[in-house]
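# Working through the structure, step by step
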Amino acid sequence: MTMRQSLRERLRVEHFNCLPNTPVLPLAVFGWAELLHEGLCTLATTAVCWDHKAIVAFVDDEPVGVLTWTDANWANEIWINLAYVSPEYRHQGIHTEMFDALKAKARELKRPTISSATHVSNDAARGAMRAQGREEVGTMLTYHVPAPAGD
Ligand SMILES: CC(C)(COP(=O)(O)OP(=O)(O)OC[C@H]1O[C@@H](n2cnc3c(N)ncnc32)[C@H](O)[C@@H]1OP(=O)(O)O)[C@@H](O)C(=O)NCCC(=O)NCCS
């Protein structure tokens with residue numbers, strides 16, 4: 001049995017209606033802080049919010065991954081706010097398991113699309129998303145306003 005197979009047997013993925021009610025809130029905040037620290041998201045990105053729904057991955061009873069989402073019913077789509085897997089559990093299919101659970105939820109809610117955004121330099125996120133068949137459809141542009149001369 002490979003390491004990935006044995007982990008799969010210990011892995012459980014669960015839906016929660018509200019992120020603050022999950023045991024994974026500290027992990028989500030930590031993940032957001034990691035992205036900010038690495039310059040992979042801006043403070044204007046609300047990656048963690050009280051009304052986000054959450055899919056949590058547990059290995060045995062330890063929360064090791066979180067995917068937060070919003071049902072954007074006005075846009076008829078599901079919007080992913082944050083995906084985070086603890087560094088020691090990466091590359092073992094945990095993000096994929098959480099996304100599969102979200103795909104099932106999208107079918108249940110009859111939402112035809114699931115969208116998200118990530119930094120252009122976030123190779124891990126872009127690789128993981130492409131591996132799931134997600135298509136890159138947009139670009140965000142930032143202008144760095146020059147300081148006036150003499151500042
Ligand atoms: C992005 C992230 C959630 C991926 O989680 P993960 O559980 O390691 O992903 P998976 O194991 O499900 O990966 C599935 C596939 O995605 C691709 N992938 C995963 N990590 C990758 C990386 N670092 N570089 C390129 N492709 C990658 C691979 O094709 C992988 O399949 P393989 O393992 O068979 O090669 C994780 O790296 C993470 O938490 N990063 C920090 C937070 C972050 O950047 N979040 C996204 C911003 S919103």
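Pairing in this open sheet of 5 strands is mixed, and the strands run 1-2-3-4-5 from one edge to the other. The strands lining the two open edges of the sheet, one partner per strand, are strand 1 (11-16) and strand 5 (113-115). For this sheet, the mean angle separating the axes of adjacent strands, direction not counted, is 25°. Where strand 2 (residues 53-59) and strand 3 (residues 62-72) come together, 7 bridges link them in antiparallel fashion. In the strand pairing of strand 3, V56 is matched with V66. Strands in contact with helix 2 (residues 25-37) are strand 3 and strand 4 (77-85); relative to strand 4, the strand with the most contacts, it is inclined by about 85°. Along the sheet, helix 3 (residues 94-109) contacts strand 1, strand 2, strand 3, strand 4 and strand 5; its crossing angle with strand 3, the most-contacted strand, is approximately 30°.

Secondary-structure assignment places D61 in the loop between strand 2 and strand 3. For D61 and L11, which are 50 residues apart along the polypeptide, the C-alpha to C-alpha distance reads 8.9 Å.

What follows is about the nonpolar core. Core analysis: the biggest nonpolar cluster contains 28 residues, and A28, V66, L67, L82, Y84, M98 and L102 have the highest contact counts within it. With 6 residues, strand 4 is the single largest residue contributor to this core. With residues up to four places along the chain from it excluded, the contact list for Y84 reads L27, A28, G31, G65 and V66.

This part covers the site of the ligand. Within the structure, the ligand sits among 21 residues, and R90, H95, A124, G127 and A131 are positioned closest to it. If you list the elements that add at least two residues to the shell around the ligand, you get helix 2, strand 4, helix 3 and helix 4 (123-131). The leading source of residues in the shell around the ligand is helix 4, at 6 residues. Its residues placed into classes, the shell around the ligand shows 10 nonpolar, 9 polar and 2 charged.

Take W69: it is sitting in strand 3. On a C-alpha basis, the gap between W69 and C49 in space is 10.0 Å, while along the polypeptide they are 20 residues apart. Contacts of W69, omitting those with residues within four sequence positions, involve H52, K53, I78, W79, I80, N81 and L102.

Where strand 1 lies against strand 2, 6 bridges are found, and the strand directions are antiparallel. Of the residues in strand 2, the one forming a bridge with R12 is F58. Counted between consecutive antiparallel strands, the loop separating strand 2 from strand 3 contains 2 residues, among which D60 sits at a positive phi close to 55°.

So, on to helix 3. Taking 1.5 Å of rise per residue, 16 residues should cover 22 Å, and helix 3 covers 23 Å from first to last C-alpha, within 8% of that figure. If you check which residues of helix 3 are buried, you get I94, H95, M98, F99 and L102. Each buried residue of helix 3 lies within a common arc of 130° when the element is viewed along its axis, so the set occupies one face. Projecting away from the buried face of helix 3 at angles above 90 degrees are the exposed residues T96, R107 and E108. Where helix 3 is buried, its residues contact strand 1, strand 2, strand 3, strand 4, strand 5 and helix 4. K110, located one to two residues past helix 3, shows a positive phi value of around 60°.

Thresholds, definitions, all that
Residues numbered from 1 in each chain as written. Predicted model: local features only at pLDDT ≥ 70, side-chain atom pairs only at ≥ 80, totals over all residues. Pairing = 2+ DSSP bridges. Helix = DSSP H or I, 4+ residues; strand = E, 2+ residues; numbered from the N terminus. Axes fitted to C-alpha atoms, helices over the stretch in contact; angles between N-to-C directions. Contact = placed C-beta atoms within 7 Å. Core = buried A, V, L, I, M, F, W, Y, C linked by C-beta atoms within 7 Å. Buried ≥ 20, exposed ≤ 12 C-beta atoms within 10 Å, placed from the backbone. Near = placed C-beta within 6 Å. Nonpolar A, V, L, I, M, F, W, Y, C, P; charged D, E, K, R; others polar. Expected span 1.5 Å × (residues − 1). Arc of directions from axis to C-beta.

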